[in-house]
Amino acid sequence: MSQMTKEINAITGTIIGVSGKLIVYALVILLLVEGMTRGYAFGHEVFYATAIDPEPGITYSLTIPEGQDAAETAKVLKDVGLIRNEYALRIQMWFYDYEAYPGTYQLSTAMTSKEILQVLNVKPESENDAKASSETEETLGKEEESEDENGL
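The rules we used
- Residues numbered from 1 in each chain as written.
- Predicted model: local features only at pLDDT ≥ 70, side-chain atom pairs only at ≥ 80, totals over all residues.
- Heavy atoms only, no water.
- Helix = DSSP H or I, 4+ residues; strand = E, 2+ residues; numbered from the N terminus.
- Buried < 20%, exposed > 50% of the residue type's maximum accessible area, 1.4 Å probe, protein only.
- Lys, Arg positive; Asp, Glu negative; His and termini not counted.
- Salt bridge = Lys/Arg side-chain N within 4 Å of Asp/Glu carboxyl O.
- Phe/Tyr/Trp six-rings, centres within 6.5 Å; stacked < 30°, edge-to-face > 60°.
- Lys NZ or Arg CZ within 6 Å of the ring centre and 35° of its normal.
- Patch = residues over 30% accessible without salt bridge, like charges linked within 9 Å, V, L, I, M, F, W, Y side chains within 5 Å.
- Areas by Shrake-Rupley, 256 points an atom, 1.4 Å probe, with all protein chains shown as cover.
- Core = buried A, V, L, I, M, F, W, Y, C linked by side-chain atoms within 4.5 Å.
- Contact = heavy atoms within 4.5 Å.

Caption draft 1: Molecular detail of the side chain of Glu86. Position of Glu86 among the secondary structure elements: in helix α3 (residues 86-95). Of the side chains with opposite charge, Arg90 comes closest to the buried, unpaired Glu86, at an N-O distance of 5.0 Å.

Next up, the structure:
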């Protein structure tokens, strides 16, 4: 090979090497920007969630069966259209220490995910609980009457 060919090959190799590094750097920067954007959006959904629809929204009757875990509950809420991101809801459940108790709930698309979790976190009163509660109140009422009669 001539001296001219060696110089052309050296210059071409340098250009290709620099171009390859620039492409790799551009991809890394693109991935970082995309990661930061998605990370911000996810964090915003976790800590400042907005409702799917404005008031009055669409109301759904949702039944959570006994034994359904947080992941299944989040998936159902996402499938129905009450939340945007099931993973954000799962993190909210963990972070705010919420549980989804079994029962039937009236939920609206005008509710934020945190409002939905607040509703699901209240254990619904079953018929047995209501009967036990009323019996306890009756018993307490009778005890108070007997104390009044005995002068206590």
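Structure shown, so let's carry the discussion forward.
Caption draft 2: Highlighting the pattern of salt bridges. Inspection of every chain in the model, using the stated rule, returns two salt bridges. With a shortest N-O distance of 2.7 Å, Glu34 and Arg38 are connected by a salt bridge. Of the two residues, Glu34 and Arg38 are both situated in helix α1 (residues 3-47); the distance of four residues between them amounts to about one turn of the helix. For Arg38, a relative accessible area of 59% gives the class exposed. The residue Asp79 makes a salt bridge to Lys75 at a minimum N-O spacing of 3.4 Å. One end of the pair is Asp79 and the other is Lys75, both in helix α2 (residues 70-80) and four residues apart, which spans about a single turn. A relative accessible area of 55% places Asp79 in the exposed class. Among the residues examined, Lys75 registers a relative accessible area of 44% and is labelled partly exposed.

Caption draft 3: Representation of the packing of aromatic side chains in the model. The full count for this structure, using the stated rule, is three aromatic pairs. Ring centres of Phe47 and Phe95 lie 5.3 Å apart, and the angle between their planes is 85°; on these two criteria the pair is classed as edge-to-face. With Phe47 in helix α1 and Phe95 in helix α3, the pair connects residues that are 48 residues apart, well separated along the chain. Overall, Phe95 belongs to the partly exposed group, its relative accessible area being 46%. Their ring planes at 80° and their centres at 5.2 Å tell us that Phe95 and Tyr96 sit as a pair that is edge-to-face. Directly above the ring of Tyr96 sits Lys114, whose terminal nitrogen or CZ lies 4.3 Å from the centroid.

Caption draft 4: A nonpolar patch on the surface, seen in detail. On the surface, a nonpolar cluster with roughly 890 Å² of combined accessible area is contributed by Val18, Leu22, Val24, Tyr25, Val28, Ile29, Leu32, Val33 and Met36. Inspection of the secondary structure assignment puts Tyr25 in helix α1. We classify Tyr25 as exposed; its relative accessible area is 52%.

Caption draft 5: Looking closely at the nonpolar core. Of all hydrophobic cores here, the largest spans 16 residues; its most connected members are Ile64, Leu77, Leu89, Leu107, Ile116 and Leu120. Mapped onto this core, the elements with two or more residues apiece are β1 (59-64), α2, α3, β2 (103-108) and α4 (113-120). Take this core: its biggest share by element is three residues, from α4. Once residues lying within four places of it in the same chain are set aside, the contact partners of Leu107 are Ile58, Thr59, Tyr60, Leu62, Leu77, Leu82, Ile116, Val119 and Leu120.

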